[in-house]
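Chain residues, written in single-letter form:
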Amino acid sequence: MSDYRPVDATTRVEIEQLIAEMLYRLDHNQADTTWELYTEDGVSVGPMGDMDREAMKAWGAKRARQTDLVGRHFIGGIRLVRDGEEVEGTVQYLTFRDTNEPQTQPASVGEFRERYRKVDGRWLFSRREIVPVFGGRAAAAHAARLAGREGSAQ
């Protein structure tokens, strides 16, 4: 038995726009504004640790100042299912970074496991989990670089 409970077309487009906005901000030195895309109780979980909105603000401000780091995210295979008042999503991603060798090889390949909630007529992230499937070491090394712990990624 499948748990597939598709969302309507309008909801799909609105959530895809939210996902695209998040990645645009991350890729274009606007990480200091990504916290705005989360619910008040929203969390981000992944290689850079668990963060609530306050931690995201601090991380984003630091990341936005690191204009020498260039990265790009490519996504696909977006699966959205209704879960009561929220929507659950799985988004496949490729991440490229200029610090990766070679630069044309993805630094990380994996999926975002997300939950979205509509607040005041706008879809927001309530939870975003970054799950590297391939390139986990590169993702961990990148997280360590951003945190100022160059040599601590395994």
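One structure accompanies this document, and this report is about it. (Residues numbered from 1 in each chain as written. Predicted model: local features only at pLDDT ≥ 70, side-chain atom pairs only at ≥ 80, totals over all residues. Heavy atoms only, no water.)

Observations regarding helix α1 (residues 9-27)
The first and last C-alpha atoms of α1 sit 27 Å apart over 19 residues, in line with the 27 Å expected at 1.5 Å per residue. Among the residues of α1, those classed as buried are Thr-11, Ile-15, Leu-18, Ile-19, Met-22, Leu-23, Arg-25, Leu-26 and Asp-27. Contacts made by the buried residues of α1 are with β1 (38-45), α2 (53-65), β3 (71-83), β4 (86-97), β5 (108-119) and β6 (122-134). Residue Asn-29 follows α1 closely and has a positive phi angle near 55°. (Helix = DSSP H or I, 4+ residues; strand = E, 2+ residues; numbered from the N terminus. Expected span 1.5 Å × (residues − 1). Buried < 20%, exposed > 50% of the residue type's maximum accessible area, 1.4 Å probe, protein only. Contact = heavy atoms within 4.5 Å.)

As for the nonpolar core
Ile-15, Ile-19, Val-87, Tyr-116 and Phe-125 are the most contacted members of the largest nonpolar core, which totals 22 residues. Ranked by residue count, the leading element in this core is α1, at six residues. (Core = buried A, V, L, I, M, F, W, Y, C linked by side-chain atoms within 4.5 Å.)

Remarks on the pairing of β5
In the sheet, β4 pairs with β5 via 10 bridges, with the strands oriented antiparallel. Paired with Gln-92 across the bridge in β5 is Glu-111. Examined bridge by bridge, β5 and β6 share 11 bridges and lie antiparallel to one another. Residue pairing in the sheet places Phe-112 in a bridge with Ile-130 of β6. From the end of β5 to the start of β6, which pair antiparallel, there are two residues, and Asp-120 there has a positive phi angle of about 50°. (Pairing = 2+ DSSP bridges.)

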